[in-house]
Amino acid sequence: MKRPVRIFLFSIALLLALTFFGLTCPHAFADPPTIDSKVPAADAIDVPVSTTISFDVSDMDNGVSVNSLILKINDIDVSNLVSNNGTAASYNFLYTPAASFNYGAIVSVDISVKDIADNSQTALYTFTTIADITSPAIDPISPLNGATDIPTNNVIVFTLSDSETGVSIDTLAVTISAFGSPIAFNISNAGSLYLYAVTCSPTTHFYYGDLVTVSVTVKDVSGNQAVHVYLFNIKNDLTAPLISNNAPASGAIEIPTNNIISFNISDSETGVSTAS
């Protein structure tokens, strides 16, 4: 009779040991981990495009199996880029994207995690990033708006910038006029999506005293349009014509009675008015 008693006592001891370590309680295996404290929250809107994604996973019975976490962002597995902080009872998980999300994007977050007893929990939700509603910036570089005394052969340079979705350079439209008359020009640009420098080179010189109007229209990639009109003045001609090569020379004597008189008149700016 001693052997059955020993087996019985051993069984009781084993049961107590397993119970002590939480391996035999049915309720400890039944409940999966909980996923909460989501940032951004499910269905959040106007979320910054540079947002990080974090959430808490807790399991007070069995503990969280931290290595079981699978995180997919827009169906792309980023689990190996997730950091964590906490204990088996509760972990905070953090994912920092390598690049910002697009403006106005719907971002899906798919979480799967288990506890130590292999009970699994999932969460699938979305949030929406802030929309791009800001137009590109148009900044005159040369000449500046309202500038005066600009040379007649000056080129026109301005920048286009957009720090959100970028400049749609194909939408750029420029007109240049002087006192309402259109000016022909060649246009070129250099730069990249978020910043362009644009150069407009008139095919002929401006006239002295011209009031020049530059009108620029452009959109960003999101379709936000910017319009900028600015003015500058070409310098006035304040230099009198030059009279040279007088013949006879000033102060000459003993000039023949039939000598002709000649001289040159020149003006490198607006030219000589022969009618004057």
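All of the points below concern the structure found in this document. These numbers come from a predicted model, not from an experiment.

### Side note on the overall build of the protein chain
Part 1: Regarding its fold elements, the protein chain presents two helices and 19 strands.
Part 2: Within the protein chain, contacts between residues separated by at least 24 positions form 63% of all contacts whose residues are at least 6 apart in sequence.
Part 3: When the accessible area of the protein chain is evaluated, it comes to approximately 17,000 Å², of which 56% is carbon and sulfur surface.

### So, the side chain of N154
Part 1: Within the element layout of this structure, N154 appears in the loop between β10 (147-150) and β11 (156-161).
Part 2: The buried category is assigned to N154, whose relative accessible area is 18%.
Part 3: Not counting the four nearest positions on each side in its chain, N154 is found in contact with S142, P143, P202 and F206.

### Some details on a nonpolar patch on the surface
Part 1: A cluster of nonpolar side chains, contributed by L193, Y194, L195 and V221, occupies part of the molecular surface with about 370 Å² of accessible area.
Part 2: Among the structural elements, L193 can be located in the loop between β14 (185-192) and β15 (195-202).

### Examining the nonpolar core
Part 1: Of all hydrophobic cores here, the largest spans 25 residues; its most connected members are I156, F158, L160, L172, I176, V214 and F232.
Part 2: Every element with two or more residues in this core is listed here: β10, β11, β12 (167-178), β15, β16 (211-220) and β17 (225-234).
Part 3: Core analysis: the next-biggest nonpolar cluster, separate from the first, contains 23 residues, F55, V78, Y95 and I111 among them.

### As for the sheet that holds strand β3 (residues 64-73)
Part 1: Strand order in the open sheet formed by four strands is β4-β3-β7-β8, with antiparallel pairing between adjacent strands. The open sheet has two free edges, formed respectively by β4 (76-77) and β8 (120-128), since each of these has just one partner strand.
Part 2: For β3 and β4, the ladder comprises two bridges, and the chain directions are antiparallel. For I73, the partnering residue across the bridge sits in β4 and is I76.

### With respect to the packing of aromatic side chains
Part 1: As enumerated under the stated definition, the model contains four aromatic pairs in all.
Part 2: Taken together, a centroid distance of 5.6 Å and an interplanar angle of 25° make the contact between F55 and F93 stacked. Of this pair, F55 sits in strand β2 (residues 53-58) while F93 is found in strand β6 (residues 90-95), placing the two residues 38 residues apart along the sequence.
Part 3: Overall, the relative accessible area of 0% leaves F55 in the buried class.
Part 4: Given a relative accessible area of 1%, F93 falls into the buried group.
Part 5: A ring pair is formed by F101 and F127, whose centres lie 6.0 Å apart and whose planes are at 80°; its orientation type is edge-to-face. Here F127 lies in strand β8 and F101 lies in the loop between β6 and β7 (106-115), a separation of 26 residues in the sequence. Exposure class is identical for F101 and F127. Each is buried.
Part 6: Site record: aromatic cluster; members linked through ring pairs are F55, Y91 and F93.
Part 7: Over the face of the ring belonging to Y125 we find K38, whose NZ or CZ atom lies 5.6 Å from the ring centre.

### Some words on the environment of A89
Part 1: Tracing the backbone through its elements, the reader meets A89 in the loop between β5 (82-87) and β6.
Part 2: With 32 residues separating them in the primary sequence, A89 and V57 have C-alpha atoms 8.4 Å apart.
Part 3: Contact partners of A89, with chain neighbours within four places excluded, come to V57, S58, D59, M60 and V64.

About the criteria used
Residues numbered from 1 in each chain as written. Predicted model: local features only at pLDDT ≥ 70, side-chain atom pairs only at ≥ 80, totals over all residues. Heavy atoms only, no water. Helix = DSSP H or I, 4+ residues; strand = E, 2+ residues; numbered from the N terminus. Contact = heavy atoms within 4.5 Å. Areas by Shrake-Rupley, 256 points an atom, 1.4 Å probe, with all protein chains shown as cover. Buried < 20%, exposed > 50% of the residue type's maximum accessible area, 1.4 Å probe, protein only. Patch = residues over 30% accessible without salt bridge, like charges linked within 9 Å, V, L, I, M, F, W, Y side chains within 5 Å. Salt bridge = Lys/Arg side-chain N within 4 Å of Asp/Glu carboxyl O. Core = buried A, V, L, I, M, F, W, Y, C linked by side-chain atoms within 4.5 Å. Pairing = 2+ DSSP bridges. Phe/Tyr/Trp six-rings, centres within 6.5 Å; stacked < 30°, edge-to-face > 60°. Lys NZ or Arg CZ within 6 Å of the ring centre and 35° of its normal.

Nothing here speaks to function; it is geometry throughout.
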